[in-house]
Structure formats: structure tokens, C-alpha cells
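Tertiary structure, described
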Amino acid sequence: MDLYDAILSRRSVRRYRDEPLDKNTLALIDDIVDHVRPLVPENRFRVLRRDVVSGEDLIAAMGGYGRILTPPHYLVGNTIGSRRPLVDLGYRMEQIAIQMVQLGISVCFIGSLGREENVRIRFRLNRESRFGAFLIFGRAADGITGRTINAVILRASSGASKLVVGDVFYNGSFKRAGVPPKALARIIDAGHAAPSANSVQPWRFLWRADTLYLFLRRQNSRYGSKPALQEYRCFDGGACMANVMMAMESTDLRGDWVLLDEGQPDVPVHPVELEPLAKLRLR
Ligand SMILES: Cc1cc2nc3c(=O)[nH]c(=O)nc-3n(C[C@H](O)[C@H](O)[C@H](O)COP(=O)(O)O)c2cc1C
């Protein structure tokens, strides 16, 4: 499948065929993992690939919500570094997810932010390592029953009500959201197609002076009540940035994301509930 089609067609799959992928496919996945592009190159990124033990309830063991039926494998992506580690993780893990979709493999992230310490112990990870979510993968259960069950679990996991692009894109200033200009449509559609914990979709785009700015909503009650869970916005924001970066390859647009810091002088005026994340100066 074409990369852009994979970005737009990816959906979280929660019902899998109860069988492992073959060795060649797993080797291809290891290769994808080895060649992922960093957002913050100095962060130390590692990925463990594991098989699900039959009967194991990953959601109960690792946090997350909803139900996942008989997934055969998962990845534990983790990173160590002081600069935006969760954004960088979302950026790298989404590239892996999309390239798996290109291979016809189904995926779903399972959030683990509330349980980071448990996960560190279970996988013997460094105390400083961060990870936002596991990436479950395998072949989707086919047939009408598999699809129906997936749709039911999807609704229960709040993935059914989504914002549209016209809700999250701003041109010139934050006065009113609207539809992106044609030249940007492909990359904005791709960014907006990113997965997000509880389907929060925290990203907001501002197009100003040939620069695409990405902001995140600081708070969203749908992430949960614990303050630590608000950090899902960072993982989700990184996934959104990865989709924009990958989608650029299918357009004439070129540019690199630059992370922004709070209080940086060149950040456009923005509502207090938004946090500046990054900018993409388009050439
Ligand atoms: C960081 C993160 C954590 C997630 N955690 C879960 C989870 O615990 N359980 C689940 O069923 N889906 C989980 N998802 C998948 C989201 O529910 C899904 O991305 C969202 O509903 C949008 O649907 P889509 O991925 O099909 O576009 C997670 C996604 C992300 C990015």
C-alpha cells in the first residue's frame, strides 16, 4: 500500500486472528524499527518486540482502556532523553505503525502512562525511560464477525466521535477555525488522521507566514483525572507530526519540524489553553 493511503486508512484494530505472523514478516518489522527517523536524535530510543502469551490480558496488565481480542504481538517502544521524550516516541512509533499498515498488518496503541513503573519493572527498563503506549499488531480477524466485534469495541473505546479538519485548522490567527488551503490539505489531513489516546485529537494547526505551527491543548478531561495522563497529548502530538512528515513525501512541499519551547519569542499569539509544540517552515 502507498504510504499516504496507509496514513489515511489506518484504524485501530482491536480484534485479531489468533495466530503469529511469519518469520519473514517479523524480520521486515524489525527492519522498519531499525530505520525509523528520530525527532530528537540525541534521545536514546529502543524497541522490544514480544509475543502475547496465550490468555494474557494485556490491558489489565499494562493499563489502557477497552478490550483487545487475541493480539499475537506487541512492541514496547521506549526512550531516554530530556528533550520531549514522549513527543519523540509518538513520532517514531507512528512511523512504525504506518509502515506496518503498508504491509497489511493491523495495529492498535495501548496507553500505559498510568502504569509506567509497572512496565519498567516488567520489561527491566532503565528507571529514566519513558513510554506512552504499547503497539499491538497482527492480522485483523476477518469475516463479518471480526469486523462487527471490532466496531463494537471501537465505539466502546470512544473512537467513534471525531473532530473534523475544519475544527483544528486556523489560518493567520486563532480567531476562527476553517478549512486549510488546497496546497496544505494533504499534509493537514494526514496529521489529523493520527491516532490519539481516547480519540482526544489534541492537535491544533496554525498557518502563518509560510510556516505551519502545531499547538496542543494542554488539558483534556477525556485523558483521565490523574495529571500524569495529560501527557498523552505529547505522544499524540508526536504521532500527528510523524504523519505530516511522511505525507510531505507525497507532495511538492518540503520542510523539517523544529520543536518550540514555551515563551520562545517567535511563537505566534495563541490562546492560553494551547501549548506550542513545533513549527514546520515550508520551502
Ligand atoms: C497513546 C495512545 C493510547 C491509546 N490507548 C488505547 C487503549 O488503551 N485502548 C484502546 O482500545 N485504544 C487505545 N488507543 C487507540 C485510540 O482509541 C484511537 O487511536 C482513537 O480512538 C482514534 O481511532 P483510530 O486510531 O481508529 O483512528 C490509543 C491510542 C494512542 C495514540
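Residues numbered from 1 in each chain as written. Predicted model: local features only at pLDDT ≥ 70, side-chain atom pairs only at ≥ 80, totals over all residues.

1. Digging into the overall build of the chain
A count of helical and extended segments in the chain gives nine helices and nine strands. Computed over C-alpha atoms, the radius of gyration of the chain comes to 18 Å, within 12% of the 19 Å expected from 2.2 N^0.38 for 283 residues, which places it in the range of a compact globule. Of all 283 residues assigned to the chain, the portion counted as buried reaches 40%. Look at the contacts in the chain between residues 6 or more apart in sequence, and 76% of them connect residues 24 or more apart. (Helix = DSSP H or I, 4+ residues; strand = E, 2+ residues; numbered from the N terminus. Rg over C-alpha atoms; globule rule 2.2 N^0.38 Å. Buried ≥ 20, exposed ≤ 12 C-beta atoms within 10 Å, placed from the backbone. Contact = placed C-beta atoms within 7 Å.)

2. Overview of the sheet that holds strand β3 (residues 106-111)
In spatial order, the strands read β1-β2-β4-β3; together these four strands make up an open sheet with antiparallel pairing. Two strands bound the open sheet, and with one partner strand each, they are β1 (44-51) and β3. Strand-to-strand twist of the sheet, defined as the mean angle between neighbouring strand axes without regard to direction, takes the value 25 degrees. The sheet contact formed by strand β2 (residues 73-80) and strand β4 (residues 133-138) spans four bridges and is antiparallel. Each residue of the ladder has a partner; that of His73, found in β4, is Phe137. This element, helix α4 (residues 85-102), spans β1, β2, β3 and β4 of the sheet and lies at about 150 degrees to β2. (Pairing = 2+ DSSP bridges. Axes fitted to C-alpha atoms, helices over the stretch in contact; angles between N-to-C directions.)

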